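Understanding the architecture of this molecule
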Amino acid sequence: MLYSGSKQDYGYNQSHANAAAALRKLPGVKVIEEERVPETIAAQRSMEGMINQDGAKLIIATSFGYFDPHVLKIAAKYPDVTFAHCGGIWKPGMPENVGTFYGYIFSAQYLSGILAGHMSKSKKLGVVAAKPTPNLIRSINAFALAARSVDPSITVQVIFTGEWTNPVREAESATSLIDQGADVIACHVDSPKVVVETAEKRGVMSCGYHSSQADLAPKGYLTGAEWNWIVPYTDFLDRARAKQPLEHYLRGGLAANFVKTGPIGAAVTPAARAALEQARGKLISGETVIFSGPLKDNKGNIVVPAGTVHKENDRALDPINYLVDGVTGQA
């Protein structure tokens, strides 16, 4: 296991570390971990050390920047080792012993938006986000579409910090959104800790991301969109053990249990909780498709025409670059 940051970051790295801890409990499995591994040649050295010194047969590289060239280069050198990378896109011609995996987290963010929409009194929601990448934009849009399905008068303001981790700017952004009237703050940064703590100190509600931040905000935490990495991990583990061909592009959402909602906070009303469960059921059954036309962006342009439906796994969502109607911010 390679992590780019701390395993106790209350965020992305911790979500993977939680799954690694679950892997460790399986019979016959030994887990070797290294945290704070830069997305440089240091990653190659780390992987080679695990293979040559520890006998690793499955390498799980969790950070996006590990993929090209680092995982690809080491995988070509060690064809008998299985490599699983989070977020990469395998293409023909790449080493056959490399698989990639990811989850449709925007579906879980949609459920957070349902709770936020029901719980907000000011009808103003705020989002602190890192960068306007397609993955983040999908999630922000899903959160907003869900909240506005509860009440179309709800607006969502987004502030992009420009960095995956910047605690000072994250605190400043959360404070600014609260000062402008937002009473629910969501976040799309590597470690939501500062954002959630800032919201709690200011007496407003929050929605988390990656792993649970419930203990940081006992009064205001609503829920969070969380990864359930143990599902793809065990898929790669089972295939590696059985010496079966691995999945090069493994993806899943709520139905496949790749993503989930976190603990439901004490502040959440029974009506809001019931609405979340109803929305979850409709997403899993396919009755609700988040990106369904007609859909406008925040500049008034039709981005999904009437009659067009982009399901969870639709590759047309991969390059998404617009924020939907009702969202203030610049993608």
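Not measured: the values here are computed from a predicted model.

Some points on the nonpolar core
In terms of nonpolar packing, the biggest core is built from 85 residues, with Phe101, Tyr110, Ile185, Trp229 and Phe291 touching the most fellow members. The residues contacting Ile185, other than those within four sequence positions of it, are Gly126, Val128, Ala174, Leu177, Ile178, Val195, Ala199, Val204, Met205, Ser206 and Cys207. Formed by 21 residues, the second largest nonpolar core is a distinct cluster that contains Tyr66, Ile74, Tyr78 and Trp90.

Section: the packing of aromatic side chains
Note on aromatic pairs: each is described by the distance of the centres and the angle between the planes. Inspection of every chain in the model, using the stated rule, returns 9 aromatic pairs. Arranged with centres 6.0 Å apart and planes meeting at 90 degrees, the rings of Phe101 and Tyr233 form a pair that is edge-to-face. Here Tyr233 lies in helix 8 (residues 230-242) and Phe101 lies in strand 3 (residues 98-103), a separation of 132 residues in the sequence. For the residue pair Phe101 and Tyr233, the accessibility class agrees, reading buried in each case. Their ring planes at 15 degrees and their centres at 4.5 Å tell us that Trp227 and Trp229 sit as a pair that is stacked. Here Trp227 and Trp229 have matching classes, each one buried. One aromatic cluster in this structure is built from Phe101, Tyr102, Tyr209, Trp227, Trp229, Tyr233 and Phe236.

Quick look at the packing of helix 4 (residues 105-119) against helix 5 (residues 134-150)
Between helix 4 and helix 5, whose axes approach to 7 Å, the crossing angle comes to 35 degrees. Seen along the crossing, helix 4 lies across helix 5 with a hand that is right-handed. Within the contact between the two elements, helix 4 uses Ile105, Phe106, Gln109, Tyr110, Ser112, Gly113, Ile114, Ala116, Gly117 and His118 and helix 5 uses Asn135, Arg138, Ser139, Ala142, Phe143, Leu145, Ala146, Ala147, Ser149 and Val150. Residues of the contact of helix 4 with helix 5, tallied by class, amount to 11 nonpolar, 8 polar and 1 charged.

A short note on the packing of helix 4 against helix 9 (residues 270-285)
Two numbers describe how helix 4 lies on helix 9: the axes approach to 9 Å, and their chain directions differ by 150 degrees. When the interaxial angle is binned, helix 4 and helix 9 end up roughly antiparallel. In terms of crossing hand, the pair formed by helix 4 and helix 9 is right-handed. Where helix 4 abuts helix 9, its residues Ser107, Tyr110, Leu111, Ile114, Leu115, His118 and Met119 lie against Ala272, Arg273, Ala275, Leu276, Ala279, Arg280 and Leu283. Across the contact of helix 4 with helix 9, the residue classes break down as 10 nonpolar, 2 polar and 2 charged.

Comments concerning the sheet that holds strand 8 (residues 221-227)
Sheets are built from strands that pair by backbone hydrogen bonding, the pairs being arranged parallel or antiparallel. Pairing is mixed across the open sheet formed by 7 strands, whose spatial order is 10-8-7-6-4-5-15. Strands at the two margins of the open sheet, each flanked by one partner only, are strand 10 (259-261) and strand 15 (327-328).

Structural notes on unusual backbone geometry
Here the bond from Asp68 into Pro69 is cis, since omega is 15 degrees, no more than 30 degrees from zero. By the secondary structure assignment, Pro69 is in helix 3 (residues 67-77). Cis geometry marks the peptide bond from Gly293 to Pro294, where omega comes out at 0 degrees. Take Pro294: it is sitting in the loop between strand 11 (291-292) and strand 12 (295-296). Look at Lys123: it is not a glycine, yet its phi comes out positive at around 65 degrees. On the secondary structure map, Lys123 appears in the loop between helix 4 and strand 4 (124-129). The phi dihedral of His210 is positive, around 75 degrees, even though this residue is not glycine. Take His210: it is sitting in strand 7 (residues 205-210). Classification of His210 by relative accessible area gives buried; the value is 4%.

Topic: the pattern of salt bridges
Following the criterion strictly, the structure yields 11 salt bridges and no others. Across the salt bridge formed by Arg24 and Glu33, the nearest N and O atoms sit 2.7 Å from each other. Overall, Arg24 belongs to the partly exposed group, its relative accessible area being 37%. Between Glu48 and Lys77 there is a salt bridge, and its shortest N-O distance comes to 2.9 Å. Highlighted residues: Glu48 in helix 2 (residues 41-54) and Lys77 in helix 3, separated in sequence by 29 residues. A single network of salt bridges, built from pairs that share partners, joins Lys7, Arg24 and Glu33.

As for the side chain of Arg280
Mapping Arg280 onto the fold places it in helix 9. We classify Arg280 as buried; its relative accessible area is 19%. Non-local contacts of Arg280, meaning those with residues more than four positions away in its chain, are made with Leu111 and Thr261.

A look at the environment of Pro152
Looking at the secondary structure, you find Pro152 in the loop between helix 5 and strand 5 (155-160). Exposure remark for Pro152: the relative accessible area of 60% places this residue in the exposed category. Spatially, the C-alpha atoms of Pro152 and Arg273 are 19 Å apart, while their sequence positions differ by 121 residues.

Cut-offs applied
- Residues numbered from 1 in each chain as written.
- Predicted model: local features only at pLDDT ≥ 70, side-chain atom pairs only at ≥ 80, totals over all residues.
- Heavy atoms only, no water.
- Core = buried A, V, L, I, M, F, W, Y, C linked by side-chain atoms within 4.5 Å.
- Buried < 20%, exposed > 50% of the residue type's maximum accessible area, 1.4 Å probe, protein only.
- Contact = heavy atoms within 4.5 Å.
- Phe/Tyr/Trp six-rings, centres within 6.5 Å; stacked < 30°, edge-to-face > 60°.
- Helix = DSSP H or I, 4+ residues; strand = E, 2+ residues; numbered from the N terminus.
- Axes fitted to C-alpha atoms, helices over the stretch in contact; angles between N-to-C directions.
- Left-handed = near helix turned anticlockwise from the far one by under 90°.
- Nonpolar A, V, L, I, M, F, W, Y, C, P; charged D, E, K, R; others polar.
- Parallel < 35°, antiparallel > 145°, perpendicular 65-115°, else oblique.
- Pairing = 2+ DSSP bridges.
- Salt bridge = Lys/Arg side-chain N within 4 Å of Asp/Glu carboxyl O.

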